[in-house]
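Inside the fold
What follows is the residue order along each chain.
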Amino acid sequence: MGFPDGLFEAFTERYAKELARINTRYLTAMAERIGEIGRLKRVDFHRLERLRAYGSDFEAMKRELAALTGRTERAIQALIEAAAVESYGEMERLSEMTGRPLIPYAENAALQATADAIARQTAGTFRNLSNTSAIGYTVHNSTGAIVFRGAGEAYRDAVDRAIHEVTMGLTDPAAAIRQTLKDLADSGLRTVSYESGRTRRLDSVVRMNVLDGMRDVYQGIQDEYGARIGADGVELSAHGTCAPDHLPYQGRQFSLKAFDELQSSLDRPFGMWNCRHAWHQIILGVSRPAYTSEEMADLRRLSTERICFEGKEMTRYEAAQLQRRIETGVRAAKDRANIAAAAGDDVWRRAEQLRINQLTAKYQELSEAAGLPTQRERMSVAGFRPVSAAVKTPKLNIPPSVYTKSLEHPNDTQEILPGLTLSTVRNKLVGSTTINGIEIKDVAEHFLARTTERVIPLDGAIEALTNPLYINPVAEDEKGKSQRFIGNRVTMNINPETGRIITGWLTGSRTRKKYGRKQHENN
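Residues numbered from 1 in each chain as written. Predicted model: local features only at pLDDT ≥ 70, side-chain atom pairs only at ≥ 80, totals over all residues. Heavy atoms only, no water.

**Focus: the overall build of the chain**
The test is simple: Helix and strand definitions here come from DSSP, where helices need a minimum of 4 consecutive H or I residues and strands a minimum of 2 consecutive E residues; each element is numbered from the N-terminal end. Note on classification: 1.4 Å probe, protein chains only; a residue is buried when its accessible area is under 20% of the maximum for its type, exposed when over 50%, partly exposed between these limits. The contact criterion used is simple: two residues touch if any of their non-hydrogen atoms lie within 4.5 Å. Note on areas: Shrake-Rupley with a 1.4 Å probe; residue coverage comes only from the protein chains shown.
For the chain, the helix and strand inventory stands at 15 helices and 15 strands. Per-residue burial for the chain yields a buried fraction of 47% across its 523 residues. Counted over contacts in the chain with a minimum sequence separation of 6, partners at least 24 positions apart contribute 67%. Counting only carbon and sulfur atoms, one obtains 50% of the accessible surface of the chain, whose full area is about 25700 Å².

As structure tokens, then:
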């Protein structure tokens, strides 16, 4: 039992996806208009002027946002009521232990009114945040400074700039407007505080707003009714991949005084700044701990066990945070690819596809190294369609937040060959023999797809099997046996008993350097 974070996470994920779909449709419409402008000539000035009429796209977005706001307000009220019912239910069960029974929630009109007031206040704040006059994008202005532009204003500015480039006679208006479109894609819909001028992503602000409302009602009931029934302590919730500053305390029971002192001593108190923990009232010495010592040991191991990824040591918590950053990076690249496709900018689109391929391969490698589950649904973007990656694309400027160094690879400029099919890859691999005598008899569909999409170069895969830098000892888990072949460009996992290629990924630069050095020393 405890804070209904499952309901909360489902709500925020659903809202973020719906908001992203609206944003994608709006920016795609803008990019299509700009693409059309780029295909015109200066002599078509009368047609250029007609393309300034962006109002219909903006009105369509406002209608969609209004509909989403209405649905979300109802969902917020349901979430806060669920938090109230859950919290009060815990108090009812605890009251039976103290002999001070509480009236049922359905009969507690005062509590229902309080929960309803918090729900309406939270929904009202959300409604203000979603007002189309307060949302827009951050872009670079003519001096290079980052500024906020309302959604309609950002659209008008982008179209006006594209028209300007055409009337000036530039040969590639699409390339000239590319930075503006990148700014819009990377910004996401944001809300602005007119008092401070600060902007934040709308989905992030809504998440914080709703979480605060749910916590207010949940913890408020715990504190008020806990005092009424004589509760003298609290128990903190616990979860895996916990942040280091909260790890020593999660899952433990505290007296009320000790918990207040703990909260005052922490730089980041429990329940603040994106903390996932909650606490509920208990009777010290009577309430049984929610977690056994074995469960707590497992959670601590999940949070503190160190893994090595590309020569860098990190905890599983740090690896999970890196997973989230890579997922964000993939979604951003897919947003940019969608806009590039709508604008008809094929060079930009293929460059973003290469970025997506690299990040996706890195995500799989990290997840396997850390033993963390993958959540590929977090990387989905409505309307995205993959294409062949860029031909001789220059090194990509991937932000440090997604572990730039691990994405550097000497084959970034490798030519992408047309006509590489699943059967071609299968025929090249099946029947071949590894350097240690394993005959390849089958290839996982996942690996075939990654090879034909050019995430993994086929010649690099063959090289890993026949001339690897290093071969790991055979490992075994619940899925069966596997052996890892670390090649100069590609790393492969194979089942040595069945001869099946399980998976593969691009060899990281640090791994290549490490085992390349070992091979040189052995020679």
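**Thoughts on the sheet that holds strand β1 (residues 135–140)**
For the record, the criterion: One bridge is not enough; two strands pair if DSSP finds at least two bridges between them. A fitted line through C-alpha atoms serves as each axis, taken over the contacting stretch for helices, and the angle formed by two N-to-C directions is quoted from 0 to 180°.
On the basis of which strands lie adjacent, the open sheet formed by four strands has the order β2-β1-β3-β4 and antiparallel pairing. The sheet is open, and its two borders are formed by β2 (146–150) and β4 (199–201), each paired with just one other strand. Neighbouring strand axes in the sheet, compared pairwise and without regard to direction, differ in orientation by 50 degrees on average. One ladder, built from three bridges, connects strand β3 (residues 190–192) with β4; its direction is antiparallel. Residue pairing in the sheet places Val192 in a bridge with Thr199 of β4. Sitting on the sheet, helix α7 (residues 202–229) is in contact with β1, β3 and β4, with an inclination near 85 degrees to β4.

**Focus on the confidence of the model for the chain**
To keep things clear, this is the line we draw: The predictor reports its confidence for every residue as pLDDT, a score running from 0 up to 100.
For the chain, the average pLDDT comes to 77, and 80% of its residues sit at 70 or higher. The lowest-confidence element of the chain is helix α2 (residues 45–50), averaging 51 in pLDDT; the highest-confidence one is strand β6 (residues 253–255), averaging 93.

**A closer look at the nonpolar core**
So the rule is basically this: Nonpolar cores are built from buried Ala, Val, Leu, Ile, Met, Phe, Trp, Tyr and Cys residues. Side-chain atoms within 4.5 Å join them into one set.
Core analysis: the largest hydrophobic core is formed by 61 residues, its most contacted members being Tyr26, Met30, Tyr137, Leu184, Val210, Val217 and Ile221. Mapped onto this core, the elements with two or more residues apiece are α1 (5–38), α3 (55–98), α4 (109–129), β1, α5 (151–167), α6 (173–187), α7 and α10 (316–343). At twelve residues, α3 tops the list of elements feeding residues into this core. Met314, Ala337, Leu359 and Val381 belong to the second largest nonpolar core, which has 19 residues in total.

**Details of the environment of Leu94**
With respect to the helices, strands and loops of the structure, Leu94 is situated in helix α3. Once the C-alpha coordinates of Leu94 and Ala231 are considered, the two residues, 137 residues apart in sequence, prove to be 8.1 Å apart. Setting aside residues no more than four positions away along its own chain, Leu94 makes contact with Ile229, Ala231, Gln281, Ile282, Ile283 and Ser287.

**Notes on the side chain of Gln323**
Positionally, Gln323 belongs in helix α10. Beyond its immediate stretch of four places on either side in the chain, Gln323 contacts Tyr363, Leu366, Ser367, Leu372 and Pro373.

**Overview of the side chain of Arg190**
Defined as follows: Polar contacts, as used here, are pairs of N or O atoms within 3.5 Å; protein pairs need one atom able to donate a hydrogen and one able to accept it. Residues neighboring in sequence count only if both atoms are side-chain atoms.
Structurally, the position occupied by Arg190 is in strand β3. In terms of polar contacts, Arg190 uses its side chain to reach the backbone carbonyl oxygen of Ser187, at 3.3 Å. With sequence-adjacent residues up to four places away left out, Arg190 is seen in contact with Ala134, Ile135, Gly136, Thr138, Phe148, Thr199, Arg200, Arg201 and Leu202.

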